[in-house]
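Analysis of the macromolecular model
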Amino acid sequence: MVACRAIGILSRFSAFRILRSRGYICRNFTGSSALLTRTHINYGVKGDVAVVRINSPNSKVNTLSKELHSEFTEVMNEIWASDQIRSAVLISSKPGCFIAGADINMLSACKTLQEVTQLSQEAQRILEKLEKSPKPVVAAINGSCLGGGLELAISCQYRIATKDRKTVLGVPEVLLGALPGAGGTQRLPKMVGVPAALDMMLTGRNIRADRAKKMGLVDQLVEPLGPGLKPPEERTMEYLEEVAITFAKGLADKKISPKRNKGLVEKLTAYAMTIPFVRQQVYKKVEEKVRKQTKGLYPAPLKIIDVVKTGIEQGSDAGYLSESQKFGELVMTKESKALMGLYHGQVLCKKNKFGAPQKDVKHLAILGAGLMGAGIAQVSVDKGLKTILKDATLTGLDRGQQQVFKGLNDKVKKKALTSFERDSIFSNLTGQLDYQGFEKADMVIEAVFEDLSLKHRVLKEVEAVIPDHCIFASNTSALPISEIAAVSKRPEKVIGMHYFSPVDKMQLLEIITTEKTSRDTSASAVAVGLKQGKVIIVVKDGPGFYTTRCLAPMMSEVIRILQEGVDPKKLDSLTTSFGFPVGAATLVDEVGVDVAKHVAEDLGKVFGERFGGGNPELLTQMVSKGFLGRKSGKGFYIYQEGVKRKDLNSDMDSILASLKLPPKSEVSSDEDIQFRLVTRFVNEAVMCLQEGILATPAEGDIGAVFGLGFPPCLGGWSRRLGKQLTLAWSPCCISFNELLFLYSGPFRFVDLYGAQKIVDRLKKYEAAYGKQFTPCQLLADHANSPNKKFYQ
Amino acid sequence: MTTILTYPFKKLPITSKWALRFAIRPLSCSSQLRAAPAVQTKTKKTLAKPNIRNVVVVDGVRTPFLLSGTSYKDLMPHDLARAALTGLLHRTSVPKEVVDYIIFGTVIQEVKTSNVAREAALGAGFSDKTPAHTVTMACISANQAMTTGVGLIASGQCDVIVAGGVELMSDIPIRHSRKMRKLMLDLNKAKSMGQRLSLISKFRLNFLAPELPAVAEFSTSETMGHSADRLAAAFAVSRLEQDEYALRSHSLAKKAQDEGLLSDVVPFRVPGKDTVTKDNGIRPSSLEQMAKLKPAFIKPYGTVTAANSSFLTDGASAMLIMAEEKALAMGYKPKAYLRDFMYVSQDPKDQLLLGPTYATPKVLEKAGLTMNDIDAFEFHEAFSGQILANFKAMDSDWFAENYMGRKTKVGLPPLEKFNNWGGSLSLGHPFGATGCRLVMAAANRLRKEGGQYGLVAACAAGGQGHAMIVEAYPK
């Protein structure tokens with residue numbers, strides 16, 4: 001959701017917008033001539049109610065920009081001055097979006113802290129005026145109402161929202177490393193209570209309309225309408241406006257009270273929060289959790305708590321001042337810049353750069369009902385794709401279908417779906433053991449075991465039964481697509497689609513094109529991926545593509561570090577404290593030791609010494625003893641159903657002892673260990689760009705950030721934090737590091753940390769271990785000319 | 001009225017139309033047409049079809065329709081159904097043994113009498129050799145019962161059918177919760193004391209929470225009243241329009257009742273109570289009174305209220321339908337032919353109650369008629385808002401083009417021919433029984449007011465709909 005936030009900011013200069021707002025234009029404009037020059041906001045008067053319409057020109061979403069801000073001030077002043085008007089309704093002309101937040105470009109364009117603080121203060125001022133408006137203002141919300149949009153809405157006297165799936169309310173600023181800077185930190189706690197407000201601000205979660213009503217964030221709900229005499233969306237907006245006007249009139253006539261009846265629990269909470277001691281305890285508790293979560297290194301959450309505290313303990317004036325100052329400080333941090341950059345990257349990766357495919361994929365077939373196959377099926381059926389899930393054995397098929405059902409059923413438990421919707425979605429899935437129905441398939445995605453000869457066999461089998469237009473996509477993490485396509489009769493229709501496990505949680509999809517892959521095939525694959533809700537990077541074919549290739553040398557280093565006698569638990573804590581979502585040893589267990597071995601061997605053969613380091617024998621021995629990681633119950637750790645605590649697998653001691661290497665003391669400090677891992681990753685990523693595997697650094701960063709995160713399993717309050725972040729930004733969820741590695745991606749990391757410093761590190765390790773650490777040419781170039789940046 | 005409506009059970013519209021195909025008998029119906037002031041010439045003289053048997057309604061009756069919780073409240077559904085059957089026997093004097101088959105519609109089923117048709121027939125003294133079955137299709141259950149009968153006759157399987165419907169909203173099956181049911185069933189199977197004790201130890205107080213019958217559409221969990229309110233909003237039907245329409249329905253029903261036009265009603269002597277002779281939900285009020293009511297579903301700003309919705313009703317209906325030659329051979333003077341009929345279905349969420357809009361043009365096309373050929377419209381009135389939304393949909397080119405795949409709008413039924421003797425809003429709506437009432441109203445109106453064709457249409461839960469052409473039997 002954050003996603004759609006800042007698109008469309010690009011062009012806001014055209015003045016044609018008023019003409020485009022079909023249907024909703026009010027006829028009797030007051031002060032006509034001045035209005036026509038407004039491009040973001042216009043208003044009309046119905047009876048004695050002013051209907052203010054927000055419509056950022058040439059954009060799918062409304063964003064709070066300077067222009068919008070000044071036009072809003074103008075319009076409100078006119079409304080306040082008019083004798084004819086007694087109340088107002090604030091509504092968007094765009095059916096899917098109220099206001100999606102502040103214009104991110106406007107924030108990134110600010111050069112100084114003062115500039116940002118001033119923006120915040122201006123917004124605070126007008127919203128304060130709005131809050132104290134003598135004429136009641138009703139916010140009529142349909143679609144996303146986020147960030148500054150929500151802050152605007154809660155400054156109004158009354159809020160009415162449509163109970164639509166698209167209608168979400170939230171303050172996601174924290175996900176961009178900032179805080180709600182237009183009075184939100186002050187108003188939200190008063191409106192929904194301190195605990196709920198902190199939860200919203202610290203997690204950035206989106207709140208659906210019905211939940212918002214329960215919380216007291218909105219006062220009335222309006223049901224979306226079906227078709228009538230106009231298209232449903234259009235009529236729903238009209239209806240929302242009609243209802244809002246009724247309420248505006250009621251408020252002006254004092255027939256309706258803007259005060260809400262609070263429930264018992266709410267009253268009790270509110271009462272408890274009046275006791276200073278309880279308040280202190282709440283702040284303390286929340287702060288502790290945030291500190292633990294962020295290791296104290298991520299600045300935004302702590303500042304949010306601080307600002308809220310200031311407002312409550314020292315009064316609103318101090319609160320507003322603190323809010324604007326901290327907002328300025330946060331926006332200027334590297335963390336915020338990195339997250340905003342990531343956000344832009346993500347927006348980019350949500351577009352199909354190949355254009356619309358000639359034929360929409362409606363029938364999908366998936367080969368292999370394993371974890372991946374079933375995961376792909378799950379994200380496909382719930383988007384309405386008719387999906388065949390084929391496996392070789394009934395047991396495998398059953399397991400896969402059960403996985404899909406469970407995934408959907410979990411959503412029912414969370415009330416994101418009704419049981420009826422689940423059933424009707426599940427009926428899009430056909431499980432089978434043969435190739436029946438493949439003649440209708442528009443795309444086949446194979447997710448069989450990573451074995452070239454097996455993949456060749458299924459490719460040939462499938463090509464015998466599918467229609468000519470059908471695309472064959474291979475879900476592989478390392479096998480070169482061109483080798484798979486070598487046996488194809490129609491290599492232009494073969495493409496790689498590398499999903500990440502678990503497919504329903506991991507947002508990334510790496511699409512791999514070969515020399516022969518046609519443009520339309522690529523367009524289709526991207527279209528399917530976007531439909532499945534993925535963030536997509538498109539890379540060229542090569543061993544390990546991009547994500548696996550960057551990970552492999554780092555994994556090799558993990559093995560070497562373990563061989564040097566570092567305890568897996570210590571290694572895990574070193575890597576997580578550097579910003580990786582899971583520890584390196586745990587990562588191997590999660591991926592599967594056999595898979596890691598497979599990949600290490602394959603890529604080791606191709607890239608030779610550069611991918612060396614650790615002894616692959618370690619993995620071989622683990623596999624031979626059946627230590628395959630989580631899936632077999634044992635890896636570096638022991639995994640038991642229902643047991644959260646992870647114990648080291650003591651049987652590993654003998655294996656590690658037999659392969660022990662002497663540590664080199666000059667490169668074995670904690671920091672060195674962290675950097676040995678990271679620099680190998682970064683170096684390989686830059687090399688991928690140098691070799692053209694990657695088209696842009698942005699894709700490289702998105703791939704690293706979204707592909708390497710694992711869903712967190714944290715407890716309590718922090719689990720909620722984790723959940724939200726997983727949805728929005730999967731990997732940042734775990735811990736945030738001063739070095740920004742994980743939430744900026746390798747390229748932005750180089751820009752922010754400095755290419756020279758990285759090259760220095762690499763050279764130091766090169767001296768100790770040799771070629772594996774030789775900086776690649778592009779990285780060296782960047783080190784040599786400090787002005788060179790991946791992001792200008 | 002208020003109380004009645006607040007329980008949004010599924011309101012099902014009932015319409016029954018039969019399209020019968022009969023081989024023979026070109027009917028000359030001209031004479032009666034002249035009686036009507038309509039200048040319009042009918043596009044068709046009759047809807048008889050070659051090589052298909054004509055199906056006729058000999059007569060039909062219903063018990064008085066009562067607000068639920070009144071005089072019928074101690075009965076069981078089969079009691080009501082039996083009353084309708086004995087009323088029919090009395091009215092038509094049909095020998096019980098000639099009835100080939102009995103079909104009833106019902107919606108909320110009493111578990112003990114799930115085949116309520118059979119229980120009622122046995123109690124009413126029908127031969128135990130006459131099979132009976134029960135159908136359910138929400139508010140068009142009775143319509144389904146009739147059309148099933150039409151099918152059996154037209155295909156030559158049967159000659160004489162009794163079709164009807166029943167609903168008793170005064171008593172509804174309230175169940176134990178699933179957890180409690182499971183516990184009780186498991187207890188049944190437990191063999192030892194130990195097993196029993198361990199099962200009993202799993203008991204929790206919340207197991208005792210009862211489970212009410214669904215008051216909502218299963219697929220969307222939305223109550224029908226809520227959907228009707230949204231539908232009215234989608235078509236921009238105002239509260240005032242709805243109240244006016246409801247008032248019209250009550251006024252017309254009152255007039256019809258006073259003038260004795262509701263001749264299908266048979267008195268019912270309720271055991272242990274007084275004889276009930278007429279419908280008790282007809283209450284013409286004033287617009288001012290109605291305007292005072294609060295919205296019943298979408299609060300606080302919705303437009304559907306207790307006063308402009310149909311109320312929960314107890315009642316039963318039954319009718320005797322026969323192959324035309326059989327009826328004539330037995331010396332009957334039939335009331336009407338059941339002609340072409342049509343079932344439709346659409347989106348159960350946003351178009352739940354638009355069945356009549358979809359079904360009407362289709363059944364007219366099938367019969368080769370136009371809107372102008374229809375002399376009596378009998379539409380099921382679940383809610384004022386639903387009827388008015390259907391009107392607006394039928395009158396909209398945009399809707400016809402975008403949702404019905406038609407080039408032009410369906411066209412509006414003329415209000416002066418529409419539900420002239422009241423409708424479900426005022427007479428009541430026992431879900432399973434309304435279909436027969438609609439057909440009998442159409443048939444009786446054609447006889448009384450003159451005219452040849454009647455159109456019956458109804459919407460039903462699940463987003464389904466039905467329409468049927470009723471043709472007056474020549475006098």
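Please refer to the structure higher up on the page.
Residues numbered from 1 in each chain as written. Chains lettered and ligands numbered in written order. Predicted model: local features only at pLDDT ≥ 70, side-chain atom pairs only at ≥ 80, totals over all residues. Heavy atoms only, no water.

1. Section: the overall build of chain B
Defined as follows: Secondary structure elements are taken from DSSP: a helix is a run of H or I of four residues or more, a strand is a run of E of two residues or more, and numbering for both begins at the N terminus. As defined in this context, the radius of gyration uses C-alpha atoms, and a globule is described by 2.2 Å times the residue total to the power 0.38. Relative accessible area decides the class of each residue, using a 1.4 Å probe on protein chains only: under 20% of the type maximum gives buried, over 50% gives exposed, and in between gives partly exposed. Here, residues are in contact when the closest pair of their heavy atoms is within 4.5 Å. Using a 1.4 Å probe, the Shrake-Rupley method yields the accessible areas, and only the shown protein chains count as cover for residues.
Secondary structure summary: chain B contains 16 helices and twelve strands in total. Against the globule reference of 23 Å for 475 residues, chain B gives a C-alpha radius of gyration of 23 Å, in line with a compact fold. Counting only C-alpha atoms and orienting by the principal axes, one finds that chain B spans roughly 80 × 55 × 45 Å. A total of 475 residues make up chain B; the buried ones form 60% of that total. Taking as baseline every contact in chain B between residues at least 6 positions apart, the subset at least 24 positions apart corresponds to 84%. For chain B, the exposed area adds up to about 18100 Å²; of that, 55% sits on carbon and sulfur atoms.

2. Structural notes on the interface of chain A and chain B
To keep things clear, this is the line we draw: Salt bridges are identified by distance alone: a Lys or Arg side-chain nitrogen within 4 Å of an Asp or Glu carboxyl oxygen. Here a polar contact is taken to be a pair of N or O atoms separated by no more than 3.5 Å, where protein atoms must pair a possible hydrogen donor with a possible acceptor and residues adjacent in sequence count only if both atoms sit in side chains. Asp, Glu, Lys and Arg are counted as charged, while Ala, Val, Leu, Ile, Met, Phe, Trp, Tyr, Cys and Pro are counted as nonpolar; the rest, among them Gly, fall into the polar class.
Residue-level contacts link 18 residues of chain A with 19 residues of chain B. Here chain A is connected to chain B by zero salt bridges. Along the contact surface separating chain A from chain B lie three residue pairs in polar contact (both at pLDDT 80 or more). When residues in the side of chain A that touches chain B are grouped by element, the largest group, five residues, is from helix α10 (residues 232-252) of chain A. Each residue belonging to the side of chain A that touches chain B can be placed in one class, and the counts come to twelve nonpolar, three polar and three charged.

3. Some details on the nonpolar core
Put simply, the rule is: Only buried residues count toward a nonpolar core, which is a set of Ala, Val, Leu, Ile, Met, Phe, Trp, Tyr and Cys residues joined through side-chain atoms within 4.5 Å.
Grouped together as the largest cluster of nonpolar side chains are 175 residues, with contacts concentrated most on Leu217(A), Val444(A) and Tyr546(A). For this core, the element with the highest residue contribution is helix α28 (residues 670-690) of chain A, accounting for eleven residues. Those residues in contact with Val444(A) that sit more than four places away from it in its chain are Ala365(A), Leu367(A), Phe438(A), Val462(A), Ile466(A), Cys470(A), Ile471(A), Phe472(A) and Ala473(A). Within the second largest apolar cluster, 108 residues are counted, among which are Met146(B), Ile161(B), Met224(B) and Tyr245(B).

4. Points about unusual backbone geometry
Here the amide bond leading from Lys299(B) into Pro300(B) is cis, since omega sits at 0 degrees, within 30 degrees of zero. Looking at the element boundaries, Pro300(B) is found in the loop between α10 (287-291) and β8 (313-323). Backbone geometry at Asn58(A) places phi at a positive 50 degrees, although glycine is not the residue there. Locating Asn58(A) in the fold gives a position in the loop between β2 (49-54) and α3 (66-81).

5. A look at the environment of Leu262(B)
Residues and elements named next belong to chain B. Assignment of secondary structure puts Leu262 in the loop between α9 (239-258) and β6 (268-269). Judged by its relative accessible area of 14%, Leu262 is buried. A C-alpha to C-alpha distance of 9.4 Å links Leu262 and Met440, two positions 178 residues apart in sequence. In this structure, Leu262 is in contact with Arg62, Ala256, Gln257, Asp279, Trp421 and Leu427, ignoring residues within four places of it in sequence.

6. A word on the side chain of Thr313(B)
Residue and element names in this part refer to chain B. Inspection of the secondary structure puts Thr313 in strand β8. On the basis of relative accessibility, which here comes to 0%, the residue Thr313 falls in the buried class. Of note is the side chain of Thr313, whose polar atom sits 2.7 Å from the backbone oxygen of Phe311. Setting aside residues up to four positions removed in sequence, Thr313 forms contacts with Phe65, Leu66, Ser68, Glu167, Met169, Gly428, His429 and Pro430.

7. Focus on the sheet that holds strand β4 (residues 97-99) of chain A
Within a sheet, neighbouring strands are paired by backbone hydrogen bonds and run either parallel or antiparallel to one another. Residue and element names in this part refer to chain A. The line we're drawing: Two strands make a pair as long as DSSP finds a minimum of two bridges between them.
One open sheet holds the four strands; their spatial order is β4-β6-β8-β9, and the pairing between them is mixed. Both outer strands of the open sheet, β4 and β9 (207-208), are each paired with one neighbouring strand and no more. Alignment of strand β8 (residues 168-170) against β9, held across two bridges, turns out to be antiparallel. By the bridge assignment, Val168 is partnered in β9 with Arg208.

8. Some details on the sheet that holds strand β18 (residues 535-540) of chain A
All names here are of chain A. Formally: Helix axes are fitted to C-alpha atoms over the stretch in contact, other axes to C-alpha atoms as well, and angles between N-to-C directions run from 0 to 180 degrees.
In space, the eight strands of this open sheet follow the order β13-β12-β11-β14-β15-β16-β17-β18, with mixed pairing throughout. Edge positions in the open sheet fall to β13 (429-432) and β18, since each of these has one partner strand only. Ignoring which end each strand starts from, the neighbouring axes of this sheet average 25 degrees apart. Pairing analysis gives five bridges linking strand β11 (residues 363-367) to strand β12 (residues 386-390), with the strands arranged parallel. Within β12, the residue paired with Leu364 across the bridge is Thr387. The strands touched by helix α16 (residues 371-381) are β11, β12, β13, β14 (443-446) and β16 (494-499); relative to β12, the strand with the most contacts, the crossing angle is about 170 degrees. In the packing of helix α29 (residues 697-707) onto the sheet, the strands contacted are β17 (508-513) and β18, and the crossing angle to β18 comes to about 120 degrees.

9. Regarding the side chain of His456(A)
One can find His456(A) in helix α19 (residues 452-463). For His456(A), a relative accessible area of 17% corresponds to the buried category.

10. What about the packing of helix α7 (residues 184-192) of chain A against helix α13 (residues 299-314) of chain A?
All names here are of chain A. Threshold: Orientation categories follow fixed angle ranges, with anything under 35 degrees roughly parallel, anything over 145 roughly antiparallel, 65 to 115 roughly perpendicular, and all other angles oblique. Less than a right angle of anticlockwise turn of the near helix away from the far helix marks a crossing as left-handed, whereas a clockwise turn marks it as right-handed.
Across the interface, α7 lies against α13 with an axial gap of 9 Å and an inter-helix angle of 65 degrees. Taken together, the axis directions place α7 and α13 in an arrangement best described as roughly perpendicular. α7 and α13 meet at a crossing whose hand is right-handed. Along the contact surface, α7 presents Thr185, Gln186 and Pro189, while α13 presents Val307, Val308 and Gly311. Class assignment of the residues belonging to the contact of α7 with α13 gives a composition of three nonpolar, three polar and no charged.

11. Thoughts on the pairing of β18(A)
Residues and elements named next belong to chain A. Short version of the rule: A crossover counts as right-handed when, viewed with the strands pointing away from the observer, the path leading from the first strand over the helix to the second turns clockwise.
Most of β18 is tucked away, with five of its six residues classed as buried. When β17 meets β18, the two strands line up parallel, connected through six bridges. Following the sheet pairing, Ile512 is matched in β18 by Val539. This β-α-β element, β17 to helix α21 (residues 519-531) to β18, shows right-handed connectivity.

12. Here's the deal with the pattern of salt bridges
Residue and element names in this part refer to chain A. For the structure shown, the criterion picks out 67 salt bridges over all chains. Residue Asp410 is joined to Lys406 by a salt bridge in which the shortest nitrogen-to-oxygen separation is 3.3 Å. Here the residue Asp410 and the residue Lys406 both occupy positions in helix α17 (residues 394-413), the gap between them amounting to four residues, near one helical turn. A salt bridge links Lys455 to Glu450; its shortest N-O distance comes to 3.8 Å.

13. Examining the packing of aromatic side chains
Residue and element names in this part refer to chain B. In plain terms, the rule: Within 6.5 Å between ring centres, the rings of Phe, Tyr and Trp (the latter by its six-membered ring) count as paired, and their orientation is classed by plane angle as stacked under 30 degrees, edge-to-face over 60, tilted in between.
Under the defined criterion, the tally for this structure stands at 25 aromatic pairs over all chains. Ring centres 6.0 Å apart and planes at 75 degrees place the aromatic pair Phe341 and Tyr343 in the edge-to-face group. Taking relative accessible area as the criterion, Tyr343 reaches 22% and is therefore assigned partly exposed. Taken together, a centroid distance of 6.1 Å and an interplanar angle of 70 degrees make the contact between Tyr358 and Phe399 edge-to-face. A residue pair is termed long-range when its members are at least 10 positions apart, and Tyr358 in helix α12 (residues 355-367) and Phe399 in helix α14 (residues 397-403) qualify at 41 residues. Like Tyr358, the residue Phe399 is buried in the burial classification.

14. Thoughts on helix α5 (residues 141-154) of chain B
All names here are of chain B. To keep it simple, the criterion reads: By this rule the span expected of a helix is its residue count minus one, scaled by 1.5 Å.
Its 14 residues give α5 an end-to-end C-alpha distance of 20 Å, which sits within 8% of 20 Å, the value for a rise of 1.5 Å per residue. Of the residues making up α5, those classed as buried are Ser141, Ala142, Asn143, Ala145, Met146, Thr147, Gly149, Val150 and Ile153. The positive-phi residue at the C-terminal boundary of α5 is Gly156, with phi of around 85 degrees.

15. Structural notes on the pairing of strand β3 (residues 87-92) of chain A
All names here are of chain A. Across the six residues that make up β3, a large majority, six, are buried. Burial along β3 is two-sided: the face carrying Ser87, Val89 and Ile91 and the face carrying Ala88, Leu90 and Ser92 are both buried. Here six bridges tie β2 to β3, and the two strands are oriented parallel to one another. Paired with Ala50 across the two strands is Ala88, which belongs to β3. Between β2 and its parallel partner β3, the chain crosses via α3, and the hand of that crossover is right-handed. The pairing of β3 with strand β5 (residues 137-141) spans four bridges and is classified as parallel. Looking across to β5, one finds that Val89 is bridged to Val138.

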